[in-house]
Each structure stands twice: as C-alpha cells, then as structure tokens.
Amino acid sequence: MSLSLSVPTSLEYFASLVQSDDHFPLLEAAASLAQDEYPEFDVQQLLGDVDQLQARIKRRLPADAPALQRLRTLNQFFFADLGFGGNINNYYDPENSYLNAVLRTRRGIPISLAVLWMELAQGLGLHARGIAFPGHFMVKVLLPKGQVVLDPISGQSLSREELAERLEPYKRRNGLVDDYDVPLGLYLQAATPRDIIARMLRNLKEVHRTQQDWQRLIAVLDRLIVLLPEAWGERRDRGLAHAERGNTAEAVADLEAYLAHSEDGLDLDLIADRLSALRNANG
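Residues numbered from 1 in each chain as written. Predicted model: local features only at pLDDT ≥ 70, side-chain atom pairs only at ≥ 80, totals over all residues. Heavy atoms only, no water.

Per an unreviewed UniProt entry, the chain is named Regulator of sirC expression with transglutaminase-like and TPR domain, and its organism is Acidovorax delafieldii. Taken directly from UniProt, the Sequence similarities (unreviewed entry) text for the chain runs: "Belongs to the UPF0162 family." (UniProt positions renumbered as here; feature names shortened; annotations may be inferred.)

Written out as structure tokens, the structure is:
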C-alpha cells in the first residue's frame, strides 16, 4: 500500500499557524506572507537565520547582563552593526513587508522591522511588545525602572511629549480633541500577534489596491479572511476584487456573505446594486 502525502498550500500552512491565539508564532506567520510572492521561499530557513543572529548577540553579553544593557546591545547590533532601517526611498514597495527581503536588504517599514527586532529582543529575555500606534508601528520594552517606547526604524526612544506630538495630526483628523480626547496610554497598549499580522496584511492590501493588482490583492485578502473570519468588510473587498478579475461566481459568493452579515454597513445599497449587476451579467 502506498501512502500519498499532499503538501499543504501556502494558505493552508498560514491557516495552521494562525488558528489559535495560544502560542501564536508571530515571526513564522509574518515570514510566511512572502510565500505568495516567493512560492519556493523556505520559512524555516529564515527562522534559522534569525536564530543565528540571536546567537551572535548573545555572545556579546554576559549571562547576568541587566535589561538596559541587553537593550542597548541589541540596538547597537540591529541598527548600527547590521544597518537595519526604513526604506525611505521606496516606502510602498511590497518587498518591505516580506521578511526574507527585509533580512536581505536590511530595509523595511516599521512593522516588519519591529517583528524581527522583537524576536531578537524576546530571545534576550526582554519584555518587548508591539504597539499599533496610528500611522507608525512602535515597540515598547518593560524595564525595571519603567517602560520605554522605541521607533523600530531607528531604535530611538520617544518621550511622552514626542509621542503626543506624533499623535496630534491623527487626533485632529479624526476629531479626537477637546471633549473627545483620550489618554496617550490608550494608544500605547500592546498589540496581539493576530493584530500585528492583520496590520501587515492590510499594508499589503493597500499597496495592491492602489496599484489595481487584483490577483495579488485577492491573495492578501484570502489570508486576511483566514486570519479574521468575521471581518466581513474584507469579504466585501475580496468580492469586489474578484469582480474586477472577472471571477463572477466568487464575487457573488463574497458579496452575498457581506450583505448577510453586515446589517449596519453604510454601503449596503451600493453593494446590493453591484451584486444584482453581477448576477444579471452572469445570466
């Protein structure tokens, strides 16, 4: 009797990583996003490369190094010695979200740099977490004398005043001023690994939507829907992308699901009209 073992697709592999919030493998899930663009990419090889970086940092530190020394050594290694930083000249390149490319070029956007930096920080025993700060992902580290917030583009620590200044345009744009203002601390809460992967995917989603790259957009939305099964707006957006690609049956199924679950959406009439047109076009 012969055994037939099927290799999981990249989406099935991703689904296996994100099915539970217990022991969510953030680095592995983030690295796997590159498999849509690089089907032959070996995620385990990247994990091994990061482990090697981890070993190099540890050799620089005595076993009993205090937390502040570990943090300073990590930042020297990551930002100065290895030269990681922001891809300022090509910020909206999707490569900035693929960890294999970020490791190769040492350039990325805040959230992709943060995922790598946090993995190394946690390997040094630092209590590091991501912050879903509006417009610019941040990281924070809990030290014996308090919390420090860092910009993952540079490793620069930011004061409360600097953070408040960065928030000001966002708050004014969204009417969160005067009586509607909220404390800074609410913007500094730790993001869950699922939230981090969702933000990475939504960055890619926006890049592909802007470029009207419907095929790549659908691949990203497939992952978002696996990650967040009840995010019905993502189902709607995938349906619209399928419609652009001429995948009428898939578009109809997604738009029907959106209308069935989004009773208070502001665009329900528009989507219902689009769905009716797709059905009519399909005979």
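Text resumes after the structure shown.
Draft legend 1. View of the pattern of salt bridges. Counted under the stated rule, the structure contains 18 salt bridges. When the shortest N-O distance is used, the salt bridge between Asp237 and Arg209 registers 3.7 Å. Residue Asp237 is located in helix 10 (residues 232–245), and its partner Arg209 is located in helix 8 (residues 193–210); the two are separated by 28 residues in the primary sequence. Residues participating in the shared-partner salt-bridge network are Arg202, Lys205, Glu206, Arg209, Glu234, Arg236, Asp237 and Asp267. (Salt bridge = Lys/Arg side-chain N within 4 Å of Asp/Glu carboxyl O. Helix = DSSP H or I, 4+ residues; strand = E, 2+ residues; numbered from the N terminus.)

Draft legend 2. Structural view of the packing of aromatic side chains. By the definition in use, this model includes five aromatic pairs. Taken together, a centroid distance of 6.1 Å and an interplanar angle of 90 degrees make the contact between Tyr38 and Tyr98 edge-to-face. Linking Tyr38 in the loop between helix 2 (26–32) and helix 3 (43–58) with Tyr98 in the loop between strand 1 (85–86) and helix 5 (99–105), this pair joins segments that are 60 residues apart in sequence. Overall, Tyr38 belongs to the partly exposed group, its relative accessible area being 27%. Ring geometry for Tyr170 against Tyr187: centres 6.2 Å apart, planes inclined by 90 degrees, an arrangement best described as edge-to-face. In this pair, Tyr170 is assigned in helix 7 (residues 160–173) and Tyr187 in the loop between helix 7 and helix 8, connecting sequence segments 17 residues apart. Residue Tyr170 is classed as partly exposed on the basis of its relative accessible area of 27%. (Phe/Tyr/Trp six-rings, centres within 6.5 Å; stacked < 30°, edge-to-face > 60°. Buried < 20%, exposed > 50% of the residue type's maximum accessible area, 1.4 Å probe, protein only.)

Draft legend 3. Broad picture of the side chain of Asn75. Mapped onto the elements of the fold, Asn75 is located in helix 4 (residues 67–81). Judged by relative accessible area, Asn75 falls into the buried class, the value being 15%.

Draft legend 4. Fine view of the packing of helix 3 against helix 6 (residues 110–123). For the pair helix 3 and helix 6, interaxial distance at closest approach is 10 Å and the crossing angle is 50 degrees. Judged on the interaxial angle alone, helix 6 and helix 3 are oblique. Crossing handedness for the pair helix 3 and helix 6: right-handed. Taking contact as the criterion, the partners of Val50, Leu53, Gln54, Ile57 and Lys58 in helix 3 are, on helix 6, Leu116, Glu119, Leu120 and Gly123. Residues that form the contact of helix 3 with helix 6 fall into these classes: five nonpolar, two polar and two charged. (Axes fitted to C-alpha atoms, helices over the stretch in contact; angles between N-to-C directions. Parallel < 35°, antiparallel > 145°, perpendicular 65-115°, else oblique. Left-handed = near helix turned anticlockwise from the far one by under 90°. Contact = heavy atoms within 4.5 Å. Nonpolar A, V, L, I, M, F, W, Y, C, P; charged D, E, K, R; others polar.)

Draft legend 5. Representation of the side chain of Asp267 within the structure. Along the chain, Asp267 falls in the loop between helix 11 (248–261) and helix 12 (268–281). On the basis of relative accessible area, Asp267 is assigned to the buried category, the value being 17%.

Draft legend 6. Examining the packing of helix 9 (residues 214–227) against helix 10 more closely. Between helix 9 and helix 10, the shortest axis-to-axis distance is 9 Å and the interhelical angle comes to 155 degrees. The angle between the axes of helix 9 and helix 10 places the two elements in the roughly antiparallel class. You can see that helix 9 and helix 10 cross each other, and the crossing is left-handed. For the pair helix 9 and helix 10, contact is made by Trp214, Gln215, Leu217, Ile218, Leu221, Asp222, Leu224 and Ile225 and by Glu234, Arg235, Asp237, Arg238, Ala241, His242, Glu244 and Arg245, respectively. For the contact of helix 9 with helix 10, the per-class residue count stands at seven nonpolar, two polar and seven charged.

Draft legend 7. Structural view of the pairing of strand 3 (residues 127–131). In this structure, strand 3 lies alongside strand 4 (residues 138–143), joined through five bridges in antiparallel fashion. Its bridge partner being in strand 4, His127 is matched across the sheet by Leu142. Following strand 3, the chain reverses through six residues before pairing antiparallel with strand 4; Gly135 in that reversal takes a positive phi of roughly 80 degrees. (Pairing = 2+ DSSP bridges.)

Draft legend 8. Region of interest: the sheet that holds strand 4. Read across the open sheet, the four strands follow the order 3-4-5-6; overall the sheet is antiparallel. With one partner strand each, in any of the chains shown, strand 3 and strand 6 (157–158) form the two edges of the open sheet. The strands touched by helix 4 within the sheet are strand 4 and strand 5 (146–150), with strand 4 carrying the most contacts at an inclination of about 150 degrees. Packed on one face of the sheet, helix 6 meets strand 3, strand 4 and strand 5 and runs near 165 degrees to strand 3.

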